[in-house]
There are 4 protein chains.
Amino acid sequence: MIEFQCDYAEGAHPKIMERLMTTNMDQTPGYGMDVYCDEARRLIRQACQREDADVQFLVGGTQTNTTIICSVLKPYQGVLAAASGHINVHESGAIEATGHKVLALSCGHDGKISADQIREAYEMHMNDGNAEHMVQPGMVYISNPTENGAIYYKKELEDISEVCHKCGLPLFMDGARLGYGLMAEDNDMTLADIARFCDVFYIGGTKVGALFGEAVVITDPLIKKDFRYMIKQRGGMLAKGRLLGIQFQVLFEDGLYWRISKHAIDMAMKLKKALVECGYSFYAENNTNQQLPIMPDDVLEKLSHQYSYSFWEKTDSTNSAVRFCTSWATKEENVDALINAIKKYSKK
Amino acid sequence: MIEFQCDYAEGAHPKIMERLMTTNMDQTPGYGMDVYCDEARRLIRQACQREDADVQFLVGGTQTNTTIICSVLKPYQGVLAAASGHINVHESGAIEATGHKVLALSCGHDGKISADQIREAYEMHMNDGNAEHMVQPGMVYISNPTENGAIYYKKELEDISEVCHKCGLPLFMDGARLGYGLMAEDNDMTLADIARFCDVFYIGGTKVGALFGEAVVITDPLIKKDFRYMIKQRGGMLAKGRLLGIQFQVLFEDGLYWRISKHAIDMAMKLKKALVECGYSFYAENNTNQQLPIMPDDVLEKLSHQYSYSFWEKTDSTNSAVRFCTSWATKEENVDALINAIKKYSKK
Amino acid sequence: MIEFQCDYAEGAHPKIMERLMTTNMDQTPGYGMDVYCDEARRLIRQACQREDADVQFLVGGTQTNTTIICSVLKPYQGVLAAASGHINVHESGAIEATGHKVLALSCGHDGKISADQIREAYEMHMNDGNAEHMVQPGMVYISNPTENGAIYYKKELEDISEVCHKCGLPLFMDGARLGYGLMAEDNDMTLADIARFCDVFYIGGTKVGALFGEAVVITDPLIKKDFRYMIKQRGGMLAKGRLLGIQFQVLFEDGLYWRISKHAIDMAMKLKKALVECGYSFYAENNTNQQLPIMPDDVLEKLSHQYSYSFWEKTDSTNSAVRFCTSWATKEENVDALINAIKKYSKK
Amino acid sequence: MIEFQCDYAEGAHPKIMERLMTTNMDQTPGYGMDVYCDEARRLIRQACQREDADVQFLVGGTQTNTTIICSVLKPYQGVLAAASGHINVHESGAIEATGHKVLALSCGHDGKISADQIREAYEMHMNDGNAEHMVQPGMVYISNPTENGAIYYKKELEDISEVCHKCGLPLFMDGARLGYGLMAEDNDMTLADIARFCDVFYIGGTKVGALFGEAVVITDPLIKKDFRYMIKQRGGMLAKGRLLGIQFQVLFEDGLYWRISKHAIDMAMKLKKALVECGYSFYAENNTNQQLPIMPDDVLEKLSHQYSYSFWEKTDSTNSAVRFCTSWATKEENVDALINAIKKYSKK
């Protein structure tokens, strides 16, 4: 079985494993107060062109989303997010468990929300005579890329950022797959742009070369304050915190993060091209590492004996949308084999 | 600087690192549903002599304590624990953040609580005419060894277990340092005893040879039910869950967990013997990997240039209690050097 | 200004005020442990034909909804409710503040949900391979009448109840306006039916003749257990609890609750008839005390100088849906005056 | 049976009942937005000599304590309070249910805490190298009078206020029995002093003449902001809010609050004098409406056939501390009868 089901099927990039080996018996203080974390913080600040940013490391995405969101919101506030956003659908109610409603905004298959939607939701609340009886929007959550692989363009993010600042809503970007977004062919943003437009965001490691780990970048002074208490309380403060520092140091000391992200994109684009050639349309067309073709169920069944993918949804009685994921670890020979199989089974 | 400050200063045991390397490019499903986790579960059930136990893996201690406790308690219940217990003092209010009071029971320097204390607390509540206006005891939390290195003896744990079952209070043991407890010279329990007396407990990996990881063993069917939803919601479900499975597999496939625990104890006992010979008394005397001597401040100051330790508390104007930790990774030559330094500085 | 804006504009029915006066200097124990509460409990059990029911009194609706829902759900569960349900829209996130997601089911203007919707939502969750990553449905919330005045018919409620029991989902009915529902002309249920089909529900006093107060009727033994701890913890245990007992005693000792509910319905039907005669359609047609006609904005503007109503929503560029409420306190002469005004302004 | 068990055994002062009757059929907007509430707000601001204060009305004490405390604290903060404080002991974990630890400070039988204790707790936390692993003190809760009837003197409160402001800890006073405190013979503060020294406090109505109701006075602009969302979310926003406004209007329009408080004190002092004459000592000596003598169990047993009191605790094998409460409603003839009985039974 060759796995295209997700982007966290393997361990870590060999360079990371090697560094974990060579540093293994070093003695360091715990909880992210070590030299590796400090160096990783410096590298990430540099990459973001924000010397003033606070950088903290957490282990996983749900933990990171929860910790950030409940740090920002007041008890009577909720977080605006796309209805299909990870926090609204796939975190077992982690946000609500911290006492906050996810204020879902309708979205298309791309999973994106717009500056206009945010402004309208905010104004509708503030102008309502019964506002006190409703949840007040308190921040905005977006993912880039989204759950379905779409990316925000610079103008879109700039507009969102502007609306957020006008409304006093901190803007938080979930960047679990940020590398894959920023390496997409049609992307027009840099990491520095992200840091400039967002009040807090994270650079995903788990899905982009690390064993685990998400690097939170905070530019808003209010969110920086006492954030480490929140990490500890939410169970996100790794005892051997240096494991996170070491991994992000390797990823950012010579651009490895970008190179391996680019590889995943190259593999995804090769697959996308083949799918287009076979005449398939997409549930949500994109240029990142998650390709979501709509394919006949009989073709999918045949593929499933050798290739894994994720089922997304039935689109009609004989077709389904599915997801093929590439990652930093995807081997080109496996993509080629998958393409051949798709071509073979798709022939009439 | 040679570190005796804590038991999580290094990475992982070399055998674990090696296995992580050899399995690194394997493709597995996420979230602990892989073959490594299954094998580790099997080994742990076997070691516990409980084929019916549910075994789940989480990353760290605070996360594990929080997830278990809020899984068990009803909204109006609290958890009985020693006043010096980790959950009452050193988790930034993580338990309260889930809505529950820690019902602190007074304890000595050893950090232990007794069956009688539990029964009295429970009966005092149940017999109070205003019980509805107070927090109802809903479970019991103990650590073995405690924060200060003391262990529970079989008769003590059996009594606690009996009281808990009579009162309908699930018994939860925090075993972050369980290996060091069970390898103590005066310990009279096996892992199977622990599994028999507790409704849920965990076997600590973070402090005993792993990079990170705690193996939760659940014998109570009510706690088993839907526990994985709780892990996910509390941010404890590691995407690459196999990392936890692989580590516990290595620790339990041939008794490595016990051998490296024994090593830490041997090192601690060598140090303890030297401290006794120097005439020092202990803040809380014990036979586990945390030695807490009371020493003159001037001796401590001299030691501090080469050896790290944790400050515990001032005991009088010229003496302090401090903690020296050994671990699976402690080198005997470093213990010898520390002993020599202590002897030298302690001479009048 | 004559108020038709809501059903809580006045104080209490004169009989209640009188009884509060005559009992005012009686000395009773607090917290609902007095003879008045006991007598009210007896009367309500009798009216429900459920001698085994537990009856508890709380002050207001949001408090009652919150207390019940967080008593029932486990931490990883959410409550299924109509998207337009009070708990989803108008309680400032009170449910989420207890840690639980409101799982919104789509509904029409009537605000009702069906047995099929509940079963589908439950089965979709349980059959999802990623169920652990999502909020588990844990109970069902319905209002009768709904926010928009619609009522459930016996067959509908019976079906819902059956599905709920099959799925293990406790069924909770918000009866803030229950009297107005059960007195509607087309209603085919009794209070005993409600008690039979629901696991827990409440009989609203605040909107039906009392100064304040909601009588919670619990038939499910699991919800009964320790429910008073929850009332206290959630701030709903009134010190002078007898105030609640006295009011419900007056309402239920000789059928006053039903007589005054019937009066509100009579007034509403008189108004509805006039609205129909004027050719108006309804946002959500119903036979309870909330009438929601769609009327021209210019007519509404003229009415607004003498008669208050609630704005519901713009239905097109020149018309709006509004709400006229009647209650136990509505004077027929005021309804007649309103009808005359509507007729006058509605003439072309 | 003549009740001295608590200060909420009767209904409301006759003047309040009368006003509730005369206003009963008035039509007003809900949720405290009516003219009665506005007038009560004006009167209370005036009595506090704080035109800038925000005044909000809630129904009961637990609800008020919870709403205020969870409005002020950040998620990782706790509230400093006396170990015997109501929020730490008698609210069923309501504070913890909002996610916050009560940081208990040791106190004597009087139930008071000092400025020094607050400063020490704050500094100990801030100077701890592991502060991030502990709950940060975020505000201070005191009761005046305390649970055991003691009052704070002006110098004490001024010192507490000063420390709080230096440490950035908002100061909150629970004034459930504030009238009884300010009318005590040895009291040296005015309501204006309270308003000057506290950031938020409440004037208790439930125990001082009202059917129910607590008037929250907020002087800190940060706590004022959006406080009504919190009231709604916590279930404390009474639909017929005017009931609270009317009651506080009656209490404050001509000094009724102070006159009836004085009456309770006069009755308590008469009883205290008699207890002293009989040679009894006190569990916690005070000059407010709760008298806590230590009396022989046989005397108490005899009294109990005609007079109710609250059992406090066994002080030795033959004596117990008990509480006799007076209130605005206590009849002098009943106090005289109680005194006679005490004198009779106390004779050797």
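As the structure is a computational prediction, the values presented were derived from the model and not from experiment. (Residues numbered from 1 in each chain as written. Chains lettered and ligands numbered in written order. Predicted model: local features only at pLDDT ≥ 70, side-chain atom pairs only at ≥ 80, totals over all residues. Heavy atoms only, no water.)

Participant: Could you clarify how one ought to interpret the packing of aromatic side chains in this entry?
Facilitator: Geometrically, a pair of aromatic rings is defined through the distance of the ring centres and the angle of the planes. What the rule picks out here adds up to 46 aromatic pairs over all chains. With 5.4 Å between their ring centres and 25° between their planes, Phe57 of chain A and Phe248 of chain A make a pair best called stacked. Of this pair, Phe57 of chain A sits in strand S2 (residues 54-58) while Phe248 of chain A sits in helix H12 (residues 242-253), and the two are 191 residues apart along the sequence. For Phe57 of chain A, a relative accessible area of 7% puts it in the buried group. Owing to a relative accessible area of 0%, Phe248 of chain A belongs among the buried residues under this scheme. With a centroid separation of 6.5 Å and 20° between ring planes, the pair formed by Phe248 of chain C and Phe252 of chain C is classed as stacked. Here Phe248 of chain C and its partner Phe252 of chain C are both found in helix H12 (residues 242-253), four residues apart, which amounts to about one turn of the helix. By the burial criterion, Phe248 of chain C is buried, and Phe252 of chain C matches it. (Phe/Tyr/Trp six-rings, centres within 6.5 Å; stacked < 30°, edge-to-face > 60°. Helix = DSSP H or I, 4+ residues; strand = E, 2+ residues; numbered from the N terminus. Buried < 20%, exposed > 50% of the residue type's maximum accessible area, 1.4 Å probe, protein only.)

Participant: Just checking my understanding: could you explain the interface of chain D and chain A for this structure?
Facilitator: Quite often, the size of an interface is put as the accessible area lost when its parts meet. Counting residues at the interface gives 19 residues for chain D, matched by 19 residues for chain A. Taking both partners together, chain D and chain A bury about 1,900 Å²; carbon and sulfur atoms supply 56% of that area. Ranking the residues of chain D by area buried against chain A places Tyr76, Glu132 and Tyr229 of chain D at the top, with a combined share of 41%. Our count for the chain D to chain A interface comes out at two salt bridges. When the shortest N-O distance is used, the salt bridge between Arg228 of chain A and Glu132 of chain D registers 3.0 Å. For the interface between chain D and chain A, the tally reads twelve residue pairs in polar contact (both at pLDDT 80 or more). For the side of chain D that touches chain A, the element with the highest residue contribution is helix H11 (residues 227-233) of chain D, accounting for five residues. Its residues placed into classes, the side of chain D that touches chain A shows nine nonpolar, four polar and six charged. (Contact = heavy atoms within 4.5 Å. Buried area = accessible area lost by both parts, 1.4 Å probe. Salt bridge = Lys/Arg side-chain N within 4 Å of Asp/Glu carboxyl O. Polar contact = N/O pair within 3.5 Å; in protein donor to acceptor, adjacent residues only side chain to side chain. Nonpolar A, V, L, I, M, F, W, Y, C, P; charged D, E, K, R; others polar.)

Participant: In this structure, what is going on with the interface of chain D and chain C? I would like to understand it.
Facilitator: Taken residue by residue, the interface counts 43 residues in chain D and 43 residues in chain C. Carbon and sulfur atoms make up 57% of the surface buried where chain D meets chain C, a total of about 3,900 Å² over both sides. Of all residues in chain D, Tyr8, Gln27 and Lys240 of chain D give up the largest surface area on contact with chain C, accounting jointly for 18% of the area buried on that side. Joining chain D to chain C, the criterion identifies zero salt bridges. Linking chain D with chain C are 28 residue pairs in polar contact (both at pLDDT 80 or more). When contributions to the side of chain D that touches chain C are tallied by element, the ones reaching two or more residues are strand S1 (2-3), helix H1 (14-22), helix H3 (61-72), helix H5 (94-97), H11 and helix H12 (242-253) of chain D. Considered class by class, the residues forming the side of chain D that touches chain C number 22 nonpolar, 13 polar and eight charged.

Participant: Hey, could you run me through the pairing of strand S3 (residues 77-82) of chain D in this one?
Facilitator: Note on strand geometry: in a regular strand, side chains alternate between the two faces of the sheet. Residue and element names in this part refer to chain D. By the criterion of burial, S3 is predominantly enclosed, with six of the six residues buried. Pairing of S3 with strand S5 (residues 136-143), which is carried by four bridges, proceeds in the parallel orientation. Considered in S5, the bridge of Gly78 is made with Pro137. With four bridges connecting them, S3 and strand S4 (residues 102-105) associate as parallel partners. What sits directly across from Val79, in S4, is Val102. (Pairing = 2+ DSSP bridges.)

Participant: What exactly am I supposed to notice about the environment of Glu185 of chain A here?
Facilitator: Residue and element names in this part refer to chain A. The residue Glu185 is located in the loop between helix H8 (178-182) and helix H9 (191-197) in this model. C-alpha separation for the pair Glu185 and Asn286, spaced 101 residues apart in sequence, amounts to 9.8 Å. If we ignore the near neighbours within four places in the chain, the residues touching Glu185 are Met269 and Asn287.

Participant: Before we go on, may I ask you to explain the relation of the copies chain D and chain C in this structure?
Facilitator: Copy one and copy two of the chain differ by a rotation about a common axis and a shift along it. Superposing chain D onto chain C takes a rotation of 180° combined with a translation of 0.0 Å along the rotation axis, leaving an RMSD of 0.0 Å. The transformation relating the two chain copies, once decomposed into turn and shift, fits a two-fold axis. A share of 100% of interface residues in chain D that are also interface residues in chain C marks the association as one of identical surfaces. (Least-squares fit on C-alpha atoms with pLDDT ≥ 70 in both.)

Participant: Sorry, what's going on with helix H1 (residues 14-22) of chain A here?
Facilitator: Along an α-helix, a turn takes 3.6 residues, which lines up residues three or four apart on a common side. Residues of H1 of chain A that are buried include every one of Ile16, Met17 and Leu20 of chain A, and no others. Mapping the buried residues of H1 of chain A onto a view down its axis gives an arc of 100°, with all of them on the same face. Of the exposed residues in H1 of chain A, the ones pointing more than 90 degrees away from its buried face are Glu18 and Thr22 of chain A. Looking at the buried positions of H1 of chain A, the neighbouring elements they touch are H12 of chain A together with helix H1 (14-22) of chain B. (Arc of directions from axis to C-beta.)

Participant: Please explain the relation of the copies chain D and chain A as it appears in this structure.
Facilitator: Rotating chain D by 180° and moving it 0.0 Å along the rotation axis overlays it on chain A with an RMSD of 0.0 Å. The share of interface residues of chain D whose copies in chain A are also at the interface is 100%, consistent with both copies meeting through the same surface.

Participant: Quick question: what am I supposed to make of the environment of Gly279 of chain B here?
Facilitator: Examined against the element boundaries, Gly279 of chain B turns out to sit in the loop between helix H13 (256-277) and strand S9 (290-291). Through-space distance from the C-alpha of Gly279 of chain B to that of His86 of chain B is 30 Å; in sequence the pair is 193 residues apart.

In short, geometric facts, not functional conclusions.
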